[in-house]
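# Fold and geometry: a report
Next come the chains, spelled out residue by residue.
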Amino acid sequence: VEAMASGLPVVASRTGGIPEIVVDGETGLLVDRADIGGLAAAIIELLADPARRRRMGAAGRERVLRRFTWAAVAGRLEEALRC
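A brief structural summary. Computed from a prediction, not measured in an experiment: that's the story for all the values here.

### Considerations on a nonpolar patch on the surface
A contiguous nonpolar surface patch, about 260 Å² in accessible area, is contributed by Leu39, Ile43 and Leu47. Along the polypeptide, Leu47 turns up in helix H3 (residues 36-47).

### Section: helix H4 (residues 50-67)
With 18 residues, H4 extends 26 Å between its outermost C-alpha atoms, agreeing within 8% with the 26 Å of an ideal straight helix rising 1.5 Å per residue. Taken together, the buried positions of H4 are occupied by Arg52, Met56, Gly57, Ala59, Gly60, Arg63 and Val64. Tucked into the core, H4 has its buried residues touching helix H1 (2-5), helix H2 (18-21), strand S2 (28-31) and H3.

### A short note on the environment of Phe68
Summarising the element assignment, Phe68 is placed in the loop between H4 and helix H5 (70-82). Exposure remark for Phe68: the relative accessible area of 23% places this residue in the partly exposed category. It is 22 Å that separates the C-alpha atoms of Phe68 and Val31, two residues lying 37 residues apart in sequence.

### As for unusual backbone geometry
You will see that Ala34, though not glycine, has its phi angle at about 70 degrees, which is positive. Summarising the element assignment, Ala34 is placed in the loop between S2 and H3.

### Brief notes about the nonpolar core
Most often, soluble globular proteins keep nonpolar side chains buried together rather than apart. Within the largest apolar cluster, six residues are counted, these being Met4, Val10, Ala12, Val22, Leu30 and Val64. Aside from chain neighbours lying at most four places away, what touches Val64 is Val1, Met4, Ala5 and Thr69.

### A word on the environment of Ala12
Relative to the elements of secondary structure, Ala12 occurs in strand S1 (residues 10-13). Residue class for Ala12 comes out buried when judged on its relative accessible area of 14%. Sequence separation of Ala12 and Gly25 is 13 residues, and the distance between their C-alpha atoms is 12 Å. Not counting residues within four places of it along the chain, the set of residues in contact with Ala12 comprises Ile18, Leu29, Leu30 and Val31.

### Some words on the pairing of S2
Burial along S2 is two-sided: the residues Gly28 and Leu30 and Leu29 and Val31 are all buried. In terms of strand pairing, S1 meets S2 through four bridges, oriented parallel. Its bridge partner lying in S2, Ala12 is registered against Leu30.

### A look at the side chain of Arg52
Along the polypeptide, Arg52 turns up in helix H4. Polar side-chain contacts of Arg52 include one of 2.2 Å to the side chain of Glu45.

Each value, and the rule that gives it
Residues numbered from 1 in each chain as written. Predicted model: local features only at pLDDT ≥ 70, side-chain atom pairs only at ≥ 80, totals over all residues. Heavy atoms only, no water. Patch = residues over 30% accessible without salt bridge, like charges linked within 9 Å, V, L, I, M, F, W, Y side chains within 5 Å. Areas by Shrake-Rupley, 256 points an atom, 1.4 Å probe, with all protein chains shown as cover. Salt bridge = Lys/Arg side-chain N within 4 Å of Asp/Glu carboxyl O. Helix = DSSP H or I, 4+ residues; strand = E, 2+ residues; numbered from the N terminus. Expected span 1.5 Å × (residues − 1). Buried < 20%, exposed > 50% of the residue type's maximum accessible area, 1.4 Å probe, protein only. Contact = heavy atoms within 4.5 Å. Core = buried A, V, L, I, M, F, W, Y, C linked by side-chain atoms within 4.5 Å. Pairing = 2+ DSSP bridges. Polar contact = N/O pair within 3.5 Å; in protein donor to acceptor, adjacent residues only side chain to side chain.

These values are about where atoms sit, not about what they do.
As structure tokens, this is what we get:
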């Protein structure tokens, strides 16, 4: 979330809650856990395409501002507690 808030694209593993945060192909790239070759390929892919890095970084920042600010998180929690 911190990298996305800074406008950076993310390369991360498809594990735990990460896929709920990073949208594969939109805000970053997800690879299978322990897939070292896939991780390297994703990093190289982004290094080779500055325009895509900028698009993903901007999309990530927008996602953070929509979903992961304290106000947004508190609003979802409040809504869940009402049920």
